[in-house]
Amino acid sequence: MPQTFHLTRRHFLLSALAAACPMPALAADKPETQSYGADKLDIYRAATPRGAVIYVHGGSWRRGSRKAVDAKPDWVTSMSLDFVSIDYPTLPKTPVTGQIKAVRQAMDWCFANVAKPERTVVMGHSAGAHLVAMAALTGWRPLPAGVIVNDSGAVDLITLARAHQGHLPFGTASVFKDRDQWGALSPTYNLAKSLPPLLAITSGAHGHATAMSNFVTNARANGADATLFDGSDYRHAEVNRTLGTGKIPDLERAVTGFITKVLQR
């Protein structure tokens, strides 16, 4: 009997504590996997979603996985937003132009099945940031509520090459071999006249700050509400993997502030 009383009292105390200090809704352990046509995506559902964040992974256009989400699903769903992580076909089977079309197809699928475009923020890192910029900012419709371009020198291949003595850095060079296509495949030189709000994030990777700065300058020239976060003190992978962990508070404040702002419009 004493043991039963102790457990009952403990349950009562825990219930009272939970009621006084409710925890944010976390993403499910296993996401909902769907096919959007070109590939698959995972949806981490918030308890009461008011919108969504679509995430596009990096991997030098050759590798990577929608499963590599780190702390982002729980972080985003705690904001009452569904978190969607997509896969896309990669090199060598699918060229970059085909990858851009696949990312756009995934976005359109999410607009129809997860959250309306005006309630959706699209975010990509590295190669994924380049693909997001091409798929969301170069004339495709409808526009999302906001776009987060997280550290990609490929947003401006021409400026990136200048920072490397006229040559693209290893990894990027093997993807964009044709110099005549650098301009056509750089979001900076193909921005639409009407753009959603942008948050561009840089790291300390050589040449990225210059390329991203030029990208933001051109976006602003087109009338975009574009913000540049200076992450030059951080590594390329760090500005992505730490999101949701609290390890770079100023970066997280910039991202959460941006998401909150654009979804309140």
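What you are looking at is a predicted structure, and each value in this text was computed from that prediction instead of being measured.

Novice: I'd like a rundown of the pattern of salt bridges, residues and numbers included.
Specialist: A complete count under the given rule lists eight salt bridges for this structure. Put simply, Arg45 and Glu32 hold a salt bridge, and the shortest N to O gap is 3.2 Å. Here Glu32 lies in strand 1 (residues 32-35) and Arg45 lies in the loop between strand 2 (40-44) and strand 3 (52-56), a separation of 13 residues in the sequence. Through salt bridges with shared partners, a single ionic network connects Asp42, Arg66, Lys67 and Asp87.

Novice: Residues and numbers for the sheet that holds strand 6 (residues 146-150), please.
Specialist: Spatially, the eight strands line up as an open sheet ordered 1-2-4-3-5-6-7-8, and their pairing is mixed. Where the open sheet ends on each side, the last strands, each with one partner, are strand 1 and strand 8 (226-229). On average, adjacent strands in this sheet sit at an angle of 20 degrees to one another, irrespective of strand direction. Pairing analysis gives four bridges linking strand 2 to strand 4 (residues 82-86), with the strands arranged antiparallel. The residue bridging Asp42 from the neighbouring strand is Ser85, located in strand 4. Seen against the sheet, helix 6 (residues 208-221) touches strand 6, strand 7 (198-201) and strand 8 and runs at an angle of roughly 165 degrees to strand 8.

Novice: Describe the nonpolar core, and please don't skip the residues or the numbers.
Specialist: Counting 55 residues, the largest nonpolar core has Trp61, Leu137, Phe176 and Phe215 as its most contacted members. Dropping the residues within four chain positions of it, Leu137 is found in contact with Val132, Val147, Asn190, Leu191, Ala192, Leu195, Pro196, Leu198 and Phe215. Counting 25 residues, the second-largest nonpolar core is a separate cluster that includes Val53, Ile148, Leu251 and Val262.

Novice: Now, about unusual backbone geometry: what can you tell me, with residues and values included?
Specialist: In this chain, Leu91 is followed by Pro92 through a cis amide linkage whose omega measures 5 degrees. Residue placement: Pro92 occurs in the loop between strand 4 and helix 3 (96-113). In the segment running from Arg141 into Pro142, the intervening peptide bond is cis, with an omega of 0 degrees. Looking at where Pro142 falls in the secondary structure, it is placed in the loop between helix 4 (127-137) and strand 6. Even without being glycine, Trp61 reaches a positive phi, approximately 65 degrees. Assignment of secondary structure puts Trp61 in the loop between strand 3 and helix 2 (72-77). Positive phi values are uncommon outside glycine, yet Asp151 reaches one of about 60 degrees. Here Asp151 lies in the loop between strand 6 and helix 5 (157-162).

Novice: Let's hear about the packing of aromatic side chains: which residues, and what values?
Specialist: A full pass over the atoms with the stated rule returns three aromatic pairs. When the centroid spacing of 5.0 Å and the interplanar angle of 90 degrees are considered together, the rings of Trp61 and Phe176 count as edge-to-face. Taken together, the residues Trp61 in the loop between strand 3 and helix 2 and Phe176 in the loop between helix 5 and strand 7 connect sequence positions 115 residues apart. In this structure, Trp61 and Phe176 share a single accessibility class: buried. By way of ring pairs, the aromatic residues Tyr44, Tyr55 and Phe83 are connected into one cluster. The cationic tip of Lys72 hangs over the ring face of Tyr55; the distance from NZ or CZ to the ring centre is 4.8 Å.

Novice: A description of helix 6 should follow, citing residues and the corresponding values.
Specialist: Between its first and last C-alpha, helix 6 extends 20 Å over 14 residues, near the 20 Å set by a 1.5 Å rise per residue. Within helix 6 the residues assigned to the buried category are His208, Ala211, Met212, Phe215, Val216 and Ala219. Relative to the axis of helix 6, the buried residues are bounded by an arc of 135 degrees and lie together on one face. On its buried face, helix 6 sits against helix 4, strand 6, helix 5, strand 7 and strand 8. Positive backbone phi, at 90 degrees, marks Gly223, one or two positions downstream of helix 6.

Novice: Any details on the packing of helix 3 against helix 4? Residues and values, ideally.
Specialist: As a packed pair, helix 3 and helix 4 sit with axes 9 Å apart at the nearest point and diverge in direction by 65 degrees. As summarised for this structure, helix 3 and helix 4 are arranged roughly perpendicular, according to the angle between their axes. The chirality of how helix 3 crosses helix 4 is right-handed. Residues Val96, Gln99, Ile100, Val103, Arg104 and Met107 of helix 3 pack against His130, Leu131, Met134, Ala135 and Ala136 of helix 4.

Conventions and cut-offs
- Residues numbered from 1 in each chain as written.
- Predicted model: local features only at pLDDT ≥ 70, side-chain atom pairs only at ≥ 80, totals over all residues.
- Heavy atoms only, no water.
- Salt bridge = Lys/Arg side-chain N within 4 Å of Asp/Glu carboxyl O.
- Helix = DSSP H or I, 4+ residues; strand = E, 2+ residues; numbered from the N terminus.
- Pairing = 2+ DSSP bridges.
- Axes fitted to C-alpha atoms, helices over the stretch in contact; angles between N-to-C directions.
- Contact = heavy atoms within 4.5 Å.
- Core = buried A, V, L, I, M, F, W, Y, C linked by side-chain atoms within 4.5 Å.
- Buried < 20%, exposed > 50% of the residue type's maximum accessible area, 1.4 Å probe, protein only.
- Phe/Tyr/Trp six-rings, centres within 6.5 Å; stacked < 30°, edge-to-face > 60°.
- Lys NZ or Arg CZ within 6 Å of the ring centre and 35° of its normal.
- Expected span 1.5 Å × (residues − 1).
- Arc of directions from axis to C-beta.
- Parallel < 35°, antiparallel > 145°, perpendicular 65-115°, else oblique.
- Left-handed = near helix turned anticlockwise from the far one by under 90°.

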